[in-house]
Amino acid sequence: MSPLLSMVCGTYNRLPYLRNMLKSFKDSLPPNFEWGREIEAAICDGGSTDGTVEWLRAQPGGKLLEHGELRGGIAAFNDAAKMTTG
């Protein structure tokens, strides 16, 4: 089953804010939605050096795209959106 809902985000050295955003996103969903099965997060990182990439790799149900360098917010959002299936 493909996810019903996809959240798309770009990030760069914003780990505390990213954690809060993903928690808020998860907390706002109905309790019967299964993370990674019905809901997914597609995040594009622009070369963070604050532990963002390592933290995202450890999160279940997400898709991570590493640009490795800043390419701008529009490129990050568009490239992350291309990874979604919801």
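Keep in mind that this is a model prediction, so the values were computed, not measured. (Residues numbered from 1 in each chain as written. Predicted model: local features only at pLDDT ≥ 70, side-chain atom pairs only at ≥ 80, totals over all residues. Heavy atoms only, no water.)

1. Considerations on the overall build of the chain
To be explicit about the condition: Every helix listed is a DSSP run of H or I at least four residues long, and every strand listed is a run of E at least two residues long, numbered separately from the N terminus. Each residue is assigned to one of three classes by its accessible area relative to the maximum for its type, calculated with a 1.4 Å probe on protein chains only: buried under 20%, partly exposed between the two thresholds, exposed over 50%. Contacts between residues were defined by any pair of non-hydrogen atoms, one from each residue, lying within 4.5 Å. What sets the accessible areas is the Shrake-Rupley method with a 1.4 Å probe; for residues, cover comes only from the shown protein chains.
Within the chain, the regular secondary structure consists of three helices and three strands. If you list the helices and strands of the chain from N to C, you get β-α-β-α-β-α. Taken over the C-alpha atoms alone, the chain extends approximately 35 × 25 × 20 Å along its principal axes. Sorting the 86 residues of the chain into buried and exposed places 30% on the buried side. The contacts of the chain with a sequence gap of at least 6 include a subset with a gap of at least 24, amounting to 58%. Carbon and sulfur atoms make up 53% of the accessible area of the chain, which amounts to about 5,100 Å² in all.

2. Digging into the nonpolar core
Rule in force here: Within this scheme, the nonpolar core is defined by two criteria: the residues are buried Ala, Val, Leu, Ile, Met, Phe, Trp, Tyr or Cys, and they are joined through side-chain atoms within 4.5 Å.
Met-7, Cys-9, Leu-15, Leu-18, Leu-22, Phe-25, Leu-29, Ile-39, Ala-41, Ile-43, Trp-55 and Leu-56 together form the largest nonpolar core, which totals twelve residues. Breaking this core down by element, the ones donating at least two residues are β1 (5–11), α1 (15–27), β2 (39–45) and α2 (52–57). The element that contributes the greatest number of residues to this core is α1, accounting for four residues. Contact partners of Ala-41, with chain neighbours within four places excluded, come to Met-7, Leu-22, Trp-35, Gly-61, Gly-62 and Lys-63.

3. Focus on the pairing of β1
Let me state the cut-off plainly: One bridge is not enough; two strands pair if DSSP finds at least two bridges between them.
Relative to β2, β1 runs parallel, the two being bridged by seven bridges. Note that in β2 the partner of Met-7 across the bridge is Ala-41.

4. Digging into the pattern of salt bridges
Stated precisely, the cut-off is as follows: A carboxyl oxygen of Asp or Glu within 4 Å of a side-chain nitrogen of Lys or Arg is what we treat as a salt bridge.
Considering all chains together, one arrives at five salt bridges under this definition. Glu-40 serves as the salt-bridge partner of Lys-63, at 3.2 Å between the closest nitrogen and oxygen. Of this pair, Lys-63 sits in strand β3 (residues 62–66) while Glu-40 is found in strand β2, placing the two residues 23 residues apart along the sequence. Classification of Glu-40 by relative accessible area gives buried; the value is 3%. Its salt-bridge partner being Arg-71, residue Glu-69 comes within 3.4 Å of it at the nearest N-O pair. For Arg-71, a relative accessible area of 47% gives the class partly exposed.

5. Structural notes on the environment of Trp-55
With respect to the helices, strands and loops of the structure, Trp-55 is situated in helix α2. Placed 36 residues apart in sequence, Trp-55 and Arg-19 show a C-alpha to C-alpha distance of 9.1 Å.

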